[in-house]
Amino acid sequence: MESTHLLGGSKKRVKIHPHTVTAKYATHTPYAPQPGVHTHFPQPGDDGYDDAPSFEDFGSFVEETSDKKQLTESRKWPLTLFGSRHNDKDTAHKLQTVGGGEGSEGSAKAAKGSGKGVGEQLASFGEASVSASRLTWVGLLGAALAHGSLIVLTRVASERFSLGPLFLLLVRSIVQLLSLAVPLHRGENPFGPEGYRLRLLCYGIAYSLSLCCAYSSLTFVSPGNATTTWRLATTALSATLAFLLLEERLGLADGITIAAGLCGLGLVLLPAVDETNSDSPTDPAVFWRGAFGWSLSALAGLWMALALVGYRSLKERVGVGTALFTVSWTGCLLAPASLALLQEGWSWPMSVEAWLLVLGLAACSVIAFLGMTHALTRLHPALVSASQSLEIPIAMLLHLAVLPLAPTAPEVVGSVMVILSVGWLVAMKLLPSRVGGRRQREEYEEILDSPIK
């Protein structure tokens, strides 16, 4: 069986066989330039050469239309527990394209603006990326400072004003209900977009349960040990859960740096010499009371790791204001339940100083939440949690200023290790961007200078 078609001046003959299909093309006279018409293609150094489309656009087009990518994606799991990672990236890219603000439009104009050379285009890309990374890490460091202040304020409120930790958590959640104004002002649903409300509810419950467990542990163990255990468990479990649920891996350098920070936290948890050399018998009630407090701290780390991974899966779909409101109203429900379960008494602030302390605690909690939640849209959950390990040395320094408590040698060494690990992590994320930009520019110029276009 044969069929003949005329397609744009080409004659196509097709033979259909039960097992094969053979196509033959017979082209008419090949193209020849018309006499008197000169076609010139710009070469490197000519005017208009730099206005050619960038290789990033061509590379993204090839990547999106290549059969290799489709075959590779078909072999992967279609969905993870919190949704497909690749679909999340595509959706986030579409949202940025449709609803991106002035920053995305400015980047596009800087990339494709006429009259700009290769160096200026790459410089604008690099500066935008570095500035965004710097803003993210500045927010994380500010969140760590706020977390350290929370530790000290909670301890001062408990020792000087006899305010229970769970009561402070309840007041903090009630104050944070004012964040409802943010999604209402933006015209968003305060309970999340349709299709993601259940996941947002699970995120809020996990976050609030983590806070309830962490604040409850302060009744049974010291605030320093409870906070350190909470942070250590959160960092280790967030790395594991992000790999299992979101298929997000840590780089080798990031993993080594985080492991060094975890070792520093372990040194902070070492008991003092006086406690290890004590020969007095331990009361079973005291032992089990401490064991319950340590268990609550570790459980708080598990819930917080689930919350960080859960919001990481939501990313651009849920704003920071909506997330804060979700954590607030779920906290208002779970904090009274924890108060009733542990039978912790109610003690209202009776002085202006106490109320100022409570309001300062609520303000620090909001700052810490905003810094961490914003960073989750750009960084791995384990990196976000590891950066918050700075709260331990910050709280130690604030304790020296507010409460005359001298740290032990393991606490000092562990705090130094934490500071060095976080500092090295920040340096790795910000400094190599210049080297990467220079390498990208060299590859770009090599492609443009090649004779094959």
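Residues numbered from 1 in each chain as written. Predicted model: local features only at pLDDT ≥ 70, side-chain atom pairs only at ≥ 80, totals over all residues. Heavy atoms only, no water.

Participant: Help me out: how do you make sense of the overall build of the chain in this one?
Facilitator: The helix and strand tally for the chain stands at 18 helices and 3 strands. Per-residue burial over the chain gives 38% buried out of 453 residues. Residue pairs in contact within the chain that sit at least 24 positions apart in sequence constitute 83% of those at least 6 positions apart. (Helix = DSSP H or I, 4+ residues; strand = E, 2+ residues; numbered from the N terminus. Buried < 20%, exposed > 50% of the residue type's maximum accessible area, 1.4 Å probe, protein only. Contact = heavy atoms within 4.5 Å.)

Participant: What is the right way to look at unusual backbone geometry in this model?
Facilitator: Negative phi characterises most residues that are not glycine, and trans characterises most peptide bonds. One non-glycine residue, Ser162, lies in the positive phi region at around 55°. On the secondary structure map, Ser162 appears in the loop between helix 5 (118-160) and helix 6 (165-175). A positive phi angle is found at Glu247, which is not glycine, with a value near 60°. Turning to its location among the elements, Glu247 is positioned in the loop between helix 9 (223-245) and helix 10 (252-268).

Participant: Teacher, can you tell me more about the packing of aromatic side chains here?
Facilitator: The description of two aromatic rings rests on the distance between their centres and on the angle between their planes. As enumerated under the stated definition, the model contains 8 aromatic pairs in all. Ring centres of Phe167 and Trp348 lie 5.2 Å apart, and the angle between their planes is 80°; on these two criteria the pair is classed as edge-to-face. Of this pair, Phe167 sits in helix 6 while Trp348 sits in the loop between helix 13 (320-342) and helix 14 (352-376), and the two are 181 residues apart along the sequence. Owing to a relative accessible area of 1%, Phe167 belongs among the buried residues under this scheme. Of the aromatic side chains, those joined through ring pairs into one cluster are Tyr203, Tyr207, Tyr311 and Phe369. (Phe/Tyr/Trp six-rings, centres within 6.5 Å; stacked < 30°, edge-to-face > 60°.)

Participant: What is the right way to look at the pattern of salt bridges in this model?
Facilitator: A side chain of one charge can pair with a side chain of the opposite charge if their charged atoms are brought near each other. Overall, the coordinates contain 4 salt bridges when judged by the stated rule. The residue Glu159 makes a salt bridge to Arg155 at a minimum N-O spacing of 3.0 Å. Here Glu159 and its partner Arg155 are both found in helix 5, 4 residues apart, which amounts to about one turn of the helix. Glu159 gets classed as partly exposed once you look at its relative accessible area, which sits at 48%. (Salt bridge = Lys/Arg side-chain N within 4 Å of Asp/Glu carboxyl O.)

Participant: Please explain helix 13 as it appears in this structure.
Facilitator: Side chains three or four residues apart in an α-helix point the same way, a direct result of the helix having 3.6 residues per turn. Compared with the 33 Å implied by 1.5 Å per residue over 23 residues, the 31 Å span of helix 13 between its first and last C-alpha is a close match. Where helix 13 bends most, at Gly331, the angle is about 30°. Looking one or two residues beyond helix 13, the residue adopting positive phi is Gln343, at roughly 55°. (Expected span 1.5 Å × (residues − 1). Bend = angle between axes of the 7 residues up to and from the residue.)

Participant: Hey, could you run me through the packing of helix 8 (residues 197-217) against helix 12 (residues 284-314) in this one?
Facilitator: For any two helices packed against each other, the geometry is given by the interaxial angle and the distance between the axes. Where helix 8 contacts helix 12, the two axes come as close as 8 Å, and the packing angle between them is 155°. Regarding the angle of helix 8 to helix 12, the classification is roughly antiparallel. Note on packing geometry: the crossing formed by helix 8 with helix 12 is left-handed. Along the contact surface, helix 8 presents Arg199, Leu200, Tyr203, Ala206, Tyr207, Leu209, Ser210, Cys213, Ala214, Ser216 and Ser217, while helix 12 presents Gly293, Leu296, Ser297, Leu299, Ala300, Trp303, Met304, Ala307, Tyr311, Ser313 and Leu314. Of the residues that constitute the contact of helix 8 with helix 12, the class distribution is 15 nonpolar, 6 polar and 1 charged. (Axes fitted to C-alpha atoms, helices over the stretch in contact; angles between N-to-C directions. Parallel < 35°, antiparallel > 145°, perpendicular 65-115°, else oblique. Left-handed = near helix turned anticlockwise from the far one by under 90°. Nonpolar A, V, L, I, M, F, W, Y, C, P; charged D, E, K, R; others polar.)

Participant: For this particular structure, what's the right way to read the nonpolar core?
Facilitator: Note on soluble globular proteins: their nonpolar side chains tend to be buried together. Among the nonpolar cores identified, the biggest contains 66 residues, and Trp137, Leu169, Tyr203, Tyr207, Phe369 and Val384 are the most heavily contacted of them. Residue contributions to this core peak at 10 residues, all from helix 5. If we skip the residues at most four places from it in the chain, Leu169 touches Leu211, Cys212, Tyr215 and Ala335. Residues Leu241, Leu245, Leu246 and Val309 belong to the second largest nonpolar core, which totals 6 residues. (Core = buried A, V, L, I, M, F, W, Y, C linked by side-chain atoms within 4.5 Å.)

Participant: Can you help me understand the confidence of the model for the chain in this one?
Facilitator: Regions with low pLDDT should not have their predicted coordinates read in detail. This prediction gives the chain a mean pLDDT of 76; 64% of its residues lie at or above 70. Note that residues 54-81 has pLDDT below 50 and, in this model, 19 contacts with residues that lie over four places away or in other chains. Under a pLDDT of 50 for its full length, residues 84-116 has, in the predicted model, 28 contacts with residues more than four places off or in other chains. (pLDDT = per-residue confidence, 0-100.)

Participant: Help me out: how do you make sense of the environment of Ser313 in this one?
Facilitator: Looking at where Ser313 falls in the secondary structure, it is placed in helix 12. Looking at Ser313, the relative accessible area reads 1%, which means it is buried. A distance of 2.5 Å separates the side chain of Ser313 from the backbone oxygen of Gly310, its partner in a polar contact. (Polar contact = N/O pair within 3.5 Å; in protein donor to acceptor, adjacent residues only side chain to side chain.)

Participant: Explain a nonpolar patch on the surface here, please?
Facilitator: A cluster of nonpolar side chains, Val175, Leu178, Val352, Leu356 and Leu359, forms an exposed patch at the surface whose accessible area comes to about 510 Å². When you line up the elements, Val175 lands in helix 6. Overall, Val175 belongs to the partly exposed group, its relative accessible area being 31%. (Patch = residues over 30% accessible without salt bridge, like charges linked within 9 Å, V, L, I, M, F, W, Y side chains within 5 Å. Areas by Shrake-Rupley, 256 points an atom, 1.4 Å probe, with all protein chains shown as cover.)

Participant: Explain the packing of helix 13 against helix 14 here, please?
Facilitator: Between helix 13 and helix 14, the least distance of the axes is 10 Å, while the angle of their chain directions is 130°. Here helix 13 lies oblique to helix 14, going by the angle between them. In the packing of helix 13 onto helix 14, the handedness of the crossing is right-handed. Facing Val320, Ala323, Leu324 and Val327 of helix 13, the residues of helix 14 in contact are Val366, Phe369, Leu370, Thr373 and His374. Among the residues making up the contact of helix 13 with helix 14, the classes are represented as 7 nonpolar, 2 polar and no charged.

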